[in-house]
Amino acid sequence: KDKHRLSDDVERIVQEHLKYVSEDVSHGWDLIHQDGEMKVYRREVEENGIVVDPLKCFHTIKGVTGHELCQYFWEFQYRMDWETTLDSTKIIEVLDPDTMVFFQVHKRVWPAAQRDSCFWSHIRCISNSEEDQPTWLVVNYTTSHPLAPIKSPQVRLVANVALICETIICEPPLNPQDIKRENIQCKLTYVAFVNPGGWVPSAALRGVAKREYPRFLKRFTSYVIEQTRNKPILF
Ligand SMILES: O=S(=O)(CCO)c1ccc(-c2ccc(C3CCCC3)c([C@H]3C[C@H]3c3ccccn3)c2)cc1
């Protein structure tokens, strides 16, 4: 794999997420939303009076693979089909076939000032030998970039987000070619560390997060189920 200027950062953050994903949420996390298989947890954390609550979501989605979920999350061309909280998104640099930098303007959330964000975004397949299916992940991590100048009144968000997906084959048929969508499901873990980049009233931000994260995850997963329904399975 040819290295690029962010290769070491990408490697470090991916390894951090792989370590963190299995950490349990029984201590210090509040279950803020449950909808069927979807469980959304949050820890209340403030840094210099700014709410930076970590968010962790676990979900099991029937009929799609982790590769499909990560592909639709990472691929740029689908972004505005499922992301309803963005005014715009654009790729500003491609670092390698699995890593790009994008710039986004988020819809203004009253009473906060409008936010924009600049992330490197990396997709990766981690094939753990003993398991039958690999783990797929996408990490979105804030980076600065000359083509994403900070322009007031917009406030630059700081975020570290990961979508980590395991694929499970239920009652695998003898011949893997015969696997149907009803035989597969995906265990998804979504973690988001978002610092709003400037002061937002705590109660307002916590209210928006509590409403928007579950909505965003439900909309995204429903979108992927719909898009993949009649397509060949992408393992
Ligand atoms: O998964 S991603 O990488 C998808 C890339 O498009 C992602 C998702 C969400 C955010 C984000 C951005 C801004 C806010 C706040 C900060 C002050 C005002 C808005 C929030 C908090 C409020 C929570 C929230 C959750 C979901 C959607 C929107 N709002 C979240 C960033 C990246």
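Residues numbered from 1 in each chain as written. Predicted model: local features only at pLDDT ≥ 70, side-chain atom pairs only at ≥ 80, totals over all residues. Heavy atoms only, no water.

J.: Mind showing me how you'd approach the overall build of the chain here?
T.: Broken down by element type, the chain carries 4 helices and 12 strands. The C-alpha atoms of the chain give 18 Å as radius of gyration, which agrees with the globular expectation for 235 residues (18 Å, within 12%). When contacts within the chain are restricted to residue pairs at least 6 apart in sequence, those whose partners lie at least 24 apart make up 61%. A total accessible area of about 12,200 Å² is found for the chain, and carbon and sulfur atoms account for 54% of it. Taken as two groups, the 29 positive and 32 negative side-chain charges of the chain have centres that lie 6 Å from each other. (Helix = DSSP H or I, 4+ residues; strand = E, 2+ residues; numbered from the N terminus. Rg over C-alpha atoms; globule rule 2.2 N^0.38 Å. Contact = heavy atoms within 4.5 Å. Areas by Shrake-Rupley, 256 points an atom, 1.4 Å probe, with all protein chains shown as cover. Lys, Arg positive; Asp, Glu negative; His and termini not counted. Charge placed at Lys NZ, Arg CZ, Asp CG, Glu CD.)

J.: Is there a simple way to think about the packing of aromatic side chains in this case?
T.: On inspection of all chains with the given rule, the structure shows 13 aromatic pairs. Each member of the aromatic cluster is reached from another via a ring pair, and the members are Phe73, Trp82, Tyr190, Tyr213, Phe216 and Phe220. Lying over the aromatic face of Phe102, Arg79 brings its terminal NZ or CZ to 4.4 Å of the ring centre. (Phe/Tyr/Trp six-rings, centres within 6.5 Å; stacked < 30°, edge-to-face > 60°. Lys NZ or Arg CZ within 6 Å of the ring centre and 35° of its normal.)

J.: What is the right way to look at the packing of helix H2 (residues 66-74) against helix H4 (residues 202-228) in this model?
T.: Packed helix pairs are specified by the crossing angle of their axes together with the interaxial distance, meaning the distance between the axes. Between H2 and H4, the shortest axis-to-axis distance is 10 Å and the interhelical angle comes to 115°. Viewed along their axes, H2 and H4 adopt a mutual orientation that is roughly perpendicular. For the element pair H2 and H4, the recorded crossing hand is right-handed. In this structure, H2 uses Glu68, Leu69, Tyr72 and Phe73 to contact H4, whose residues at the interface are Phe216, Phe220, Thr221, Tyr223, Val224, Gln227 and Thr228. Looking at the contact of H2 with H4 residue by residue, the class counts come to 7 nonpolar, 3 polar and 1 charged. (Axes fitted to C-alpha atoms, helices over the stretch in contact; angles between N-to-C directions. Parallel < 35°, antiparallel > 145°, perpendicular 65-115°, else oblique. Left-handed = near helix turned anticlockwise from the far one by under 90°. Nonpolar A, V, L, I, M, F, W, Y, C, P; charged D, E, K, R; others polar.)

J.: How should the nonpolar core be read in this particular structure?
T.: Side chains of a nonpolar character, in soluble globular proteins, are inclined to be buried together. The biggest cluster of nonpolar side chains holds 34 residues, and the ones touching the most others in it are Leu69, Phe73, Leu163, Leu188, Tyr190 and Phe220. Per element, the largest residue contribution to this core is 7 residues, and it comes from H4. If we ignore the near neighbours within four places in the chain, the residues touching Phe73 are Arg79, Trp82, Val138, Asn140, Leu163, Tyr190, Phe216 and Phe220. Formed by 22 residues, the second largest nonpolar core is a distinct cluster that contains Leu6, Leu95, Phe103 and Val139. (Core = buried A, V, L, I, M, F, W, Y, C linked by side-chain atoms within 4.5 Å. Buried < 20%, exposed > 50% of the residue type's maximum accessible area, 1.4 Å probe, protein only.)

J.: Just to check I follow, could you spell out the state of the cysteines for this structure?
T.: Defined simply, a disulfide is a covalent bond joining two cysteines at their sulfur atoms. As enumerated under the stated definition, the model contains 0 disulfides in all. Cys165 supplies the cysteine sulfur nearest to Cys70, a cysteine that is in no disulfide, at a spacing of 3.9 Å. You can call Cys70 buried: its relative accessible area is 0%. (Disulfide = S-S within 2.5 Å.)

J.: What is the right way to read the environment of Ser121 from this model?
T.: When you line up the elements, Ser121 lands in strand E8 (residues 115-126). Each C-alpha atom of the pair Ser121 and Tyr78 lies 14 Å from the other, and the pair is 43 residues apart in sequence. Residues contacting Ser121, with those up to four places away along its chain left out, are Trp74, Asp98, Thr99, Met100, Phe102, Val138, Val139 and Asn140. A polar atom in the side chain of Ser121 sits 2.6 Å from the side chain of Asn140. (Polar contact = N/O pair within 3.5 Å; in protein donor to acceptor, adjacent residues only side chain to side chain.)

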